[in-house]
Every structure is written in C-alpha cells, then in structure tokens.
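Examination of the molecular architecture
So you can see what is in the structure, the chains are spelled out below.
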Amino acid sequence: REAGVAGRPRCSVLFLGDSITEAMRGTQFSEAYDELRPRREAFERAFPRGDVYAFGISGDRTQHLLHRVRSGELEFRHPPRVVVLTVGTNNVGRDNDEANDIFLGVRAVIGEVLARLPGAKILLPGILPRGPPPGMRTQMPPAPGEDSAYHANSDAPETSKGAGKKKFDKYVQPGAHTHAIQHVNRRLAALAEGSGGLVRYVDCAHCFLNEDGTRLRPELMRDALHPTAAGMRSWLNTLVPAIEKLKSRELEPVTQSSNSTTLPNTRFNHGSLDTIAEQSRSLVEHLVSWTPHALCVSHVDGTGDAPIVYCNDNFVLQTGYAVEEVLGRDCRFLQGNERANPQAIETIHMAVKGGKACRVRLMNFHKDGTPLINNLELIPLMNSQGKAMHYMGIQRFTRAPEESDMVVAQSSTLPGPKAKL
C-alpha cells in the first residue's frame, strides 16, 4: 500500500532497516507507542511533503532485510530516488556476528536494492555507535518471538546494580562492539567510494557522541542503542542534506557488461571485466562480489606487464590506494623493493609463462608504507582457445610484525588448476 502500487502517493526516499528505522513510524514490532511518537514527529518534520517512507522491522538483521527485499517489499510502481540503508546493529549486538559477515550481508542487500530499483541510489549511514561498554554483557536479550536459548552463550557475565556488583557506564566509548562497527563502516565507505555515484557513505557517529568521542550523549541515545527524539533530529540534520545531494548527483561513468546481473561490485567503477572471456566472467563476478579478501584481475599483454583491469573494494581498503591509482598498473607496485621477494617473483614469472596457477607469500606495502605480508594466490582465466589472457589474484593481507624479516618468499607452484573458471 505505502509503496504506491495501489494508487498511493509516490515514494521519493525510502528508509530500510531495523528498529531504529521503524521508530520513524512511531512503532515497534508494528505496535504504536506514545514514547515513540516524538520520533515519528521528528521524521515527519524533516520530510514535510509526506513522500518519504520508513520500512523498518524491530530486531531485523541483514539476512532478514535481505529476505524482505527478495520477497516483494520493494514492488514500487515508481522506484524511490534514494534508499537510506541502516542495518547491522542487531547482527553485532544480538548475534555477535563477525564483522566480515556483517559487511557481506549489508553488501548483499545493496546489490538486491540496486537490482530491484533501477535508477535508485543508496545512502549508507553505517552502523551507529552503541553500547554496551567493554566488560559488560555484549549480547542483548532476545527480541519478542525469539528463543531465549539462542542467546544462551555470551562472552561476559551479565551485570546488575547492587552490592558486590561492578557498575558500568553504558555510554562510554569505545564500547564492546566499537571495533566491529568501525571495521564494517570502513569497508562500506570503501565500497561507496568506488560505486560510481550509486552509493554514498556518510559518517553519522558524531550525531550521538560528545565532542571528544569518548561517550554517547544520553539525551540523544538514552538506551545506548536507539536514538531518542532529540537524537533522531540530530541524525536527520546530517542525513537530509546528504539525501538532497545524492538526489542531484550525476552518476560517474561505469564500465561494465551491459547484461551483467551480478551485484554489487561489478556494477561499481572499480574497472571492467568486459575483456574476460564469457565462460569465465560470470563466476569471476560472483567471486569478486562475495570474497572477504582483496582481489584484482590483470590482463597478460605479452610485454611482461600485467596491468590491473579490475580491483574490488577490499583491495582499495586494504592497500590504501584509490581505484584510479590501481587500474592500469602491474601489481608489483605494491612490492616496493623486488629484491625482498626474489623466490616469490620467480615463482610468479614461471607460473604466468606456463599459464599455471601459483601461490606465493611475499612482502607488500600499504600506501602509507606499512609492511604487509601478502599470501597471494594467482589463478589463470582461460579464453575460448585455452590461453591464459587474464590472471585473478586473491590477496590475503596481514600486517607484518615489526620483527619480521623483509624476506618472506616462501612460495610454491601449484600443479593446477589450469582450468577455465
């Protein structure tokens, strides 16, 4: 009904998410509460035209929102121009999911939204700062309808007020989940940077923190999780200008296959996979969309160089280089002094010459000079004649310990696969 399918007013902006988004409707689990009415009023004052909707369900994780999107929630007659996506805090606080999994879940939702709402752009506020503080129980109690046994395991005992019990300041930051939240948000920001204008990330942490960032402001987030009415106003003061800017922003040119349906990375301006043979491309697209590792694809041009034609957002995030600083360059620019990896370099040269896969361990460097140990796997991508014209490199970067030698060239040539992916 609210989507405009049944003759209702059009939706120009759509908020998708969990209880934070549902509070914009003044409800929780579809029940209206007087306490939530001021939050709905703040939302309505921010969008007085009445063409902005909030589709949120309390307790939803990324997988729940993905199911909603795939099950028809976005059946709009006229797609909204901007979708504001706020989800993931329940994956952190209720499930203690790994940051990589949360990011992949958000990215899956982004891909589905872009596929189902042609012409729409996505605004990512990221996961908002939240409690509890370090040392306090990190799992929330079950939401209505959830089995309490599902939450039986927690990594710290629950605390309470009273004699002999340690008291915690629930507003202190960084909190128990801050590291995971920042990890997810950094990756979302990197994803947005290479999206060609399809996605924008806006940092909203300052909307709820004190000036030095060491504490949530109780008047803005009383339960250290949900924005109060004042918190909603503070948040919307940041979101509304970002929404308006995104509405008017022109998309950057994106080089991609016109019939590509794999989302989201291959739709983004991280290069092109168009030169890869058709039989390899679809599976490569699927892999680059889901791998938690840095990944790039290079073209073997016969000159001894292998210029990068595609890199995923993890490559950009983990190396510190912008997309335009990566495309067209051979991956050896990450090596600094090649003499530090003579055995690994020789292994790579021999593998590429023979059209074989290989796995090496070598020293690379972040843009800021930080040494990184790169556990690199190279996989040939064959054309229809069985010739390796491209190589896909999967980089598993780890920060090199300070005492590590610069020579970390343990390597091995794999017997295969020489297969077409």
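Read on for a plain summary of the structure.

What counts, and where the lines are drawn
- Residues numbered from 1 in each chain as written.
- Predicted model: local features only at pLDDT ≥ 70, side-chain atom pairs only at ≥ 80, totals over all residues.
- Heavy atoms only, no water.
- Helix = DSSP H or I, 4+ residues; strand = E, 2+ residues; numbered from the N terminus.
- Buried < 20%, exposed > 50% of the residue type's maximum accessible area, 1.4 Å probe, protein only.
- Contact = heavy atoms within 4.5 Å.
- Areas by Shrake-Rupley, 256 points an atom, 1.4 Å probe, with all protein chains shown as cover.
- 1 Å grid on protein atoms, 1.4 Å probe; cavity = no way out; pocket = protein on both sides within 12 Å on 5 of 7 lines; lining within 4 Å.
- Points joined across faces, edges and corners; volume = space filled by probe spheres on them.
- Nonpolar A, V, L, I, M, F, W, Y, C, P; charged D, E, K, R; others polar.
- Expected span 1.5 Å × (residues − 1).
- Core = buried A, V, L, I, M, F, W, Y, C linked by side-chain atoms within 4.5 Å.
- Salt bridge = Lys/Arg side-chain N within 4 Å of Asp/Glu carboxyl O.
- Axes fitted to C-alpha atoms, helices over the stretch in contact; angles between N-to-C directions.
- Parallel < 35°, antiparallel > 145°, perpendicular 65-115°, else oblique.
- Left-handed = near helix turned anticlockwise from the far one by under 90°.
- Polar contact = N/O pair within 3.5 Å; in protein donor to acceptor, adjacent residues only side chain to side chain.

**Focus on the overall build of the protein**
Of the regular secondary structure elements, the protein holds 11 helices and 13 strands. Every one of the 421 residues in the protein was classed for burial, and the buried ones make up 52%. Taking contacts inside the protein between residues at least 6 apart in sequence as the whole, the part at least 24 apart equals 70%. Put simply, the protein shows about 19700 Å² of open surface, and 50% of that area lies on carbon and sulfur atoms.

**A word on empty space enclosed by the protein**
Taken as a whole and judged by the stated rule, the model has two cavities of 30 Å³ or more. Quantified by volume, the second largest cavity comes out at close to 40 Å³. Along the walls of the second largest cavity sit D18, I20, T86, V87, G88, T89, G126, I127 and L128, which together make up its complete lining. Here the residues of the lining of the second largest cavity sort into four nonpolar, four polar and one charged.

**Focus: unusual backbone geometry**
Among all residues save glycine, negative phi is the norm, and among peptide bonds the norm is trans. Each neighbour pair has its own omega, and for G131 with P132 the value is 0°, a cis peptide bond. Tracing the backbone through its elements, the reader meets P132 in the loop between β6 (121–124) and α6 (178–193). Of note, the amide linkage connecting Q173 to P174 takes the cis form, showing an omega dihedral of 0°. Summarising the element assignment, P174 is placed in the loop between β6 and α6. A positive phi angle, close to 50°, is found at F29, a residue other than glycine. In this fold, F29 is placed in the loop between β2 (27–28) and β3 (31–32). In this structure, N96 takes a positive phi of about 55° despite not being glycine. Topologically, N96 is positioned in the loop between α4 (89–93) and α5 (99–116).

**What to know about α5**
In a regular helix each residue adds 1.5 Å, so 18 residues correspond to 26 Å; α5 covers 26 Å between its end C-alpha atoms and thus fits that length. Counting buried residues in α5 gives 14 out of 18 residues, a clear majority hidden from the surface.

**Observations regarding the environment of L85**
In this fold, L85 is placed in strand β5 (residues 82–86). A residue is classified by how much of its surface remains accessible, and L85, at 4% relative accessible area, is buried. Separated by 28 residues in sequence, L85 and V113 place their C-alpha atoms 9.7 Å apart.

**Examining the nonpolar core**
Core analysis: the largest hydrophobic core is formed by 38 residues, its most contacted members being L14, L16, L85, I110, V113 and I122. Those elements giving two or more residues to this core turn out to be β1 (13–17), β4 (52–56), α3 (62–73), β5, α5, β6, α6 and β7 (199–201). Ranked by residue count, the leading element in this core is α5, at 10 residues. The residues contacting I122, other than those within four sequence positions of it, are V83, L85, I110, V113, L114, L198, V199, R200 and L246.

**Structural notes on the pattern of salt bridges**
If you walk through the whole model with that rule in mind, you get 19 salt bridges. Across the pair E35 and R222 runs a salt bridge, and its minimum N-O distance is 2.6 Å. With a gap of 187 residues between them, E35 in the loop between β3 and α2 (37–46) and R222 in the loop between β7 and α7 (229–248) connect regions that are remote in the sequence. For R222, a relative accessible area of 46% corresponds to the partly exposed category. A salt bridge links E377 to R359, with the shortest nitrogen-to-oxygen separation between them at 3.5 Å. Of this pair, E377 sits in strand β11 (residues 371–382) while R359 is found in strand β10 (residues 358–365), placing the two residues 18 residues apart along the sequence. A network of salt bridges, in which partner residues are shared, links E35, R39 and R222.

**Considerations on the packing of α2 against α7**
For the pair α2 and α7, the least separation of the axes is 9 Å and the interaxial angle reads 25°. With respect to α7, the element α2 is oriented roughly parallel. Note on packing geometry: the crossing formed by α2 with α7 is right-handed. Each of P38, R39, A42, F43, R45 and A46 in α2 lies in contact with α7, whose residues at this interface are A229, M232, R233, L236 and V240. Here the residues of the contact of α2 with α7 sort into eight nonpolar, no polar and three charged.

**Topic: the side chain of N314**
Its place among the elements puts N314 in helix α9 (residues 313–319). The buried category is assigned to N314, whose relative accessible area is 0%. One polar contact links the side chain of N314 to the main-chain carbonyl oxygen of H293, over a distance of 3.2 Å. Leaving out residues up to four positions away in the same chain, N314 has contacts with F103, R187, T291, P292, H293 and A294.

**Some details on the layout of surface pockets**
Of the voids in this model, the largest pocket is the one considered here, and its volume is about 530 Å³. If you trace the largest pocket, you find 25 residues lining it, with A306, D330, I348, H349 and V352 closest to the centre. Counting only elements with at least two residues in the lining of the largest pocket, the list comes to β8 (294–299), α11 (342–354), β10, β11 and β12 (388–399). Each residue belonging to the lining of the largest pocket can be placed in one class, and the counts come to 12 nonpolar, nine polar and four charged.

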